[in-house]
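What follows is each chain in one-letter form.
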Amino acid sequence: MAAISRSGNDRLFLFGLGCAAGAMILGMRELLIYYRDEAAILPSENKPQYITQDVEDSLKLSTLDKLLDSPNYCIQETTAIIVCERALHDQNAIDALLWHITRPQHALREQGIRALTMMMNSSTVKMINKPAAWAALVKSLEYSTLDYKHNLFDPEWDNWHLRDVAEQGCLMVLAQLVDKFGPSGLVKSRFVERWLAKEPWSEVETDRMMMFADSLHNKNRLSELTIPLFRDHVGRKQLIKAKLVPAELIMGPSFTRDVKMTNGEGTAGEDFEGMFVDNRRRRDQSSEEDHIRRRHREAMVLNDGTRPLERGDIIQRER
């Protein structure tokens, strides 16, 4: 066998040295990967944690106060729910909130009504179904008439979102109470006299009844209170006294009136009460036709048919 030349030995040596270096690099890489994986701390799986009633009861007020300042929104929300549930079952806390909403200072009233609206819903509103609560809410509304200049009533749009926060909160709580227990609390607390009659229904005194009738037809937030009042016999008397409803409607809720619209559509023979049922439009007419009819209406004639038509039966809009 022929001897390998010197240059051939050098190439073989370099080849072996390259293979050894590559193997060492691969080995070191695998070793580093192994140590990296072994040193890594895997995050533990989050397990759901539930707060039991015993844990809630054991939380002190100072602890709840700190939790309310937590940057975590979920912690804030859970803490607020715990605080509200405690307040609902604490008569002193309810009385304190009712005291706050009857203060002349707007800031105190706003704080009290914000807390009250957070606590109240259809299932918890029964906790404040008492004369003192009805009176406090109406008293707060009475102060709201002086807080800012109220917007003139417009039958084409609902001015609910232009109302003050404290006023909105009182009306929302009252709507929940009326929906659950009826309008008797509004009647006893003189809601019509102390707030509703002070609303700017119209710049012209003779148009107040027309505008109030339009508010009963429209589906707005305030109608959740005014429609039950109109259907209540004593509530209707208060509306008549406040000159929001014609005096001819003093009769019971089952009577039938002849109502005609000059330059408009007649409604003779229809039940006057049925005109104010929610989600029901008189006859089969579109919203555009109803809009045109109301815009062109000039006068309303009320007569029960038991006597001849008189001038006093006509309520006419002044120009």
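See the structure printed just above.
For clarity, every value in this text was computed on a predicted model and none was experimentally measured.

Student: Any chance you could explain a nonpolar patch on the surface here in plain terms?
Tutor: A contiguous nonpolar surface patch, about 580 Å² in accessible area, is contributed by Met24, Met28, Leu31, Tyr34 and Tyr35. Owing to a relative accessible area of 52%, Tyr35 belongs among the exposed residues under this scheme.

Student: Help me understand the environment of Asn220, please; the structure alone is not making it clear to me.
Tutor: On the secondary structure map, Asn220 appears in the loop between helix 11 (208-217) and helix 12 (223-231). For the pair formed by Asn220 and Asp158, sequence separation is 62 residues and the distance between their alpha carbons is 6.0 Å. Not counting residues up to four positions away in its chain, the partners in contact with Asn220 are Asp158 and Ser215.

Student: For this particular structure, what's the right way to read unusual backbone geometry?
Tutor: Glycine aside, a negative phi is what most residues show, and trans is what most peptide bonds show. Phi is positive for Arg190, which is not a glycine, with a value near 55 degrees. With phi around 60 degrees, Lys243 is a residue other than glycine that occupies positive phi space.

Student: Just to check I follow, could you spell out the environment of Glu156 for this structure?
Tutor: With respect to the element layout, Glu156 can be found in the loop between helix 7 (131-147) and helix 8 (165-181). Considered as a pair, Glu156 and Ser215 are 59 residues apart in the sequence and their alpha carbons are 9.7 Å apart.

Student: Would you mind showing me how to read the nonpolar core here?
Tutor: As a rule of thumb, nonpolar side chains are buried together in soluble globular proteins. Counting residues in each nonpolar core, the largest one holds 49 residues, and the members touching the most others are Leu137, Leu174, Phe191, Leu196, Leu225 and Leu239. Broken down by element, the residue count for this core peaks at eight residues, all from helix 8. In contact with Leu174, not counting residues within four places along its chain, are Trp134, Leu137, Leu141, Leu186, Phe191 and Leu225.

Student: Is there a simple way to think about the packing of helix 3 (residues 61-68) against helix 4 (residues 73-88) in this case?
Tutor: Between two packed helices, both the angle of their axes relative to each other and the distance between the axes serve to describe the pair. At a minimum axis distance of 8 Å, the contact between helix 3 and helix 4 shows a crossing angle of 140 degrees. Between helix 3 and helix 4, the interaxial angle falls into the category oblique. Note on packing geometry: the crossing formed by helix 3 with helix 4 is left-handed. On the side of helix 3, the interface is formed by Leu61, Leu64, Leu67 and Leu68, while helix 4 contributes Ile75, Gln76, Thr79, Ala80, Ile82, Val83 and Arg86. Looking at the contact of helix 3 with helix 4 residue by residue, the classes come out as eight nonpolar, two polar and one charged.

The rules we used
Within any chain, residue numbers begin from 1 and follow the written order of that chain's sequence. Per-residue local features are limited, in this predicted model, to residues with pLDDT of at least 70; the limit for side-chain atom pairs, both in listing and counting, is 80 or more; totals at the level of whole chains, interfaces and linings are taken over all residues. Side-chain metrics in this entry use all non-hydrogen atoms of the structure; hydrogen atoms and water are not considered. Here the term patch refers to residues with relative accessible area over 30% and no salt bridge, with like charges joined within 9 Å and nonpolar side chains (Val, Leu, Ile, Met, Phe, Trp, Tyr) within 5 Å. What sets the accessible areas is the Shrake-Rupley method with a 1.4 Å probe; for residues, cover comes only from the shown protein chains. Between Lys or Arg on one side and Asp or Glu on the other, a salt bridge is scored when a side-chain nitrogen of the former is within 4 Å of a carboxyl oxygen of the latter. Relative accessibility decides the category of a residue: with a 1.4 Å probe and only protein chains considered, values under 20% of the type maximum give buried, values over 50% give exposed, and everything between is partly exposed. Each helix is a run of H or I in the DSSP string that is no shorter than four residues. Each strand is a run of E no shorter than two, and both are numbered from the N terminus. In what follows, a contact means two residues having at least one pair of non-hydrogen atoms within 4.5 Å. By nonpolar core we mean a set of buried residues, namely Ala, Val, Leu, Ile, Met, Phe, Trp, Tyr and Cys, connected to one another through side-chain atoms within 4.5 Å. Angles shown run from 0 to 180 degrees and are taken between the N-to-C directions of axes, each axis being a line fitted to C-alpha atoms and, for helices, limited to the stretch in contact. Working definition: roughly parallel below 35 degrees, roughly antiparallel above 145 degrees, roughly perpendicular at 65 to 115 degrees, and oblique for all remaining angles. Should the near helix be turned anticlockwise from the far one by less than a right angle, the crossing is termed left-handed; should it be turned clockwise, right-handed. Under this grouping Gly is polar, as are all residues other than the nonpolar Ala, Val, Leu, Ile, Met, Phe, Trp, Tyr, Cys and Pro and the charged Asp, Glu, Lys and Arg.

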